[in-house]
Amino acid sequence: MEILLGFNDFYQATQQFMEQYGGVCQTPASQETVLLIPERFGQGKLHGIHLREGLDLLIHNYQLSCDLSLDFQQFSNQNGLVNLSFCLAGQYTGSMPGFKNQLEISAGQMGLATVPNISGIVNLPKESTICVVELVIAPELAIALVDSSLQTLPTPWRQALTACASCPFYQTAQLSPKLSQALQDLLSCPYQGALRQLYLEGKSLEIIALYFANLSAQTAAKDHRLSKKDRDSLQHAQAILFDQMENPPSLAALSKQVGLSERKLQQGFRQQFGTTVFDALHDYRMEQARQLLEQDQLSVGAIAQIVGISHRGYFSTAFKRKFGSTPSTYLKALRK
């Protein structure tokens, strides 16, 4: 069954769901909303708890008697959001505009997503107990919480956080024992009222810290395997690519310029930047194109030429794949 939801926040979505499909809503505390799943869909609860400005906690704990497809419609959040998901039981899949791969998470996994315009589809299977903890974080709060550790994160995650408003990103990993324990502590909160609110906020901040600490440790381990000379050469190679995006050197010419073999250049890019040489250049071109479009001073064709893509049809397709709309549509939306 497909359910369409257009909303500004979780609480409005809950109200809309109740009006259209039934269910009972409870508010045990001023900052908490509990939706009891209607019997025709299954049984269980969905908790939504506003912890502080820019931070909400969602706890999914239910079993469905039919397949559900939730189609979340875009709402007016210009900054996007950061979503941390921790799956303790069950699984679900989904998709979001501008992201070509399927979103998928199952028991024992955690995922980080940056969602530019809060839209997409979530598919929930029947006859499966779902237990998922989600932390919905405003990008500015996520960056403030990471603070000085931002530069120690793997490059794809760092870029995703700083470009959350425009670039969709999704990555999963296995839950660590420390994170699993912190999540169990959160779910078994022994307090009520104001103490419950305080406990859940503190435990949620601990979970965020553990997640990003794990990422920083991964980066440190990777950097340890690359010599400083190699890291500097890779940074130089990336700078050459970006500076010459209109007419970039071949892989062979680039490797010769920076003093690395082609194989080491390719492996090093994956290790240091989390992407291939081609994808790094492609993503940079798309981001530069987006920024030029937002300046609204050049035609789409001129922008395609500036970023080094001579075929306008390919440029339009690539831009849509990255940002969810064609350059022309993106430009029209900016002018409204």
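Along every chain, residues carry numbers that run from 1 in the direction the sequence is written. With the structure being a predicted model, the display of local features is reserved for residues of pLDDT at least 70 and the display and counting of side-chain atom pairs for 80 or more, all residues being used for whole-chain, interface and lining totals. Here the side-chain values reflect all heavy atoms present in the structure, with hydrogen atoms and water set aside.

Undergrad: An account of the packing of helix α11 (residues 312-323) against helix α12 (residues 327-335) is needed here, citing residue identities and associated values.
TA: Each packed pair of helices is defined by two parameters, the angle between the axes and the distance between the axes. Between the N-to-C directions of two axes lies an angle of 0 to 180 degrees, each axis being a line fitted to C-alpha atoms and, for a helix, fitted only over the stretch in contact. Note on conventions: DSSP H or I runs of at least 4 residues are helices, E runs of at least 2 residues are strands, and numbering of each starts at the N terminus. Two elements in contact, α11 and α12, have axes separated by 8 Å at closest approach and are oriented at 60 degrees. As summarised for this structure, α11 and α12 are arranged oblique, according to the angle between their axes. Contact with α11, carried on its side by Arg312, Phe315, Ser316 and Phe319, involves Pro327, Ser328 and Tyr330 of α12 and no other residues of that element. For this classification, the nonpolar set comprises Ala, Val, Leu, Ile, Met, Phe, Trp, Tyr, Cys and Pro, the charged set comprises Asp, Glu, Lys and Arg, and every other residue, Gly included, is treated as polar. Within the contact of α11 with α12, the residues separate by chemical class into four nonpolar, two polar and one charged. By the definition adopted for this analysis, an angle is roughly parallel if under 35 degrees, roughly antiparallel if over 145, roughly perpendicular if from 65 to 115, and oblique otherwise. We call two residues in contact when some of their heavy atoms are within 4.5 Å.

Undergrad: Could you give me a rundown of the environment of leucine 215, with the residues and numbers involved?
TA: Along the polypeptide, leucine 215 turns up in helix α5 (residues 193-224). If we ignore the near neighbours within four places in the chain, the residues touching leucine 215 are Thr152, Leu153, Pro154 and Trp157.

Undergrad: Hey, could you go over the pattern of salt bridges for me, with residue numbers and the actual values?
TA: One side-chain nitrogen of Lys or Arg within 4 Å of one carboxyl oxygen of Asp or Glu is enough to make a salt bridge. Across all of its chains, the model carries nine salt bridges by this definition. Notably, a salt bridge pairs arginine 196 with glutamate 32, separated by 3.1 Å at the nearest N-O pair. One end of the pair, arginine 196, is in helix α5; the other, glutamate 32, is in strand β3 (residues 32-36), with 164 residues separating them in the sequence. For arginine 196, a relative accessible area of 16% gives the class buried. Accessible area is worked out with a 1.4 Å probe on protein chains only. A residue is then buried under 20% of its type maximum, exposed over 50%, and partly exposed in between. For glutamate 32, a relative accessible area of 4% puts it in the buried group. Where glutamate 206 meets lysine 203, a salt bridge forms, and the shortest distance between an N and an O atom there is 3.0 Å. Pair noted here: glutamate 206 and lysine 203 are both in helix α5, with a separation of three residues, about one helical turn. On the accessibility criterion, lysine 203 (12% relative accessible area) is buried.

Undergrad: Account for the nonpolar core, naming residues and giving values.
TA: Buried together is how nonpolar side chains tend to be arranged in soluble globular proteins. As used here, the term nonpolar core means buried Ala, Val, Leu, Ile, Met, Phe, Trp, Tyr and Cys residues forming a set that is joined through side-chain atoms within 4.5 Å. In this structure, Leu57, Phe86, Leu135, Ile137, Tyr211 and Phe212 are the most contacted members of the largest nonpolar core, which totals 36 residues. Residue contacts for leucine 135: discarding those within four places in its chain leaves Leu55, Asp56, Leu57, Val82, Asn83, Leu84, Phe86, Ser204, Ile207 and Ile208. Ranked by size, the runner-up nonpolar core spans 33 residues in total, among them Ala237, Met245, Leu265 and Ala318.

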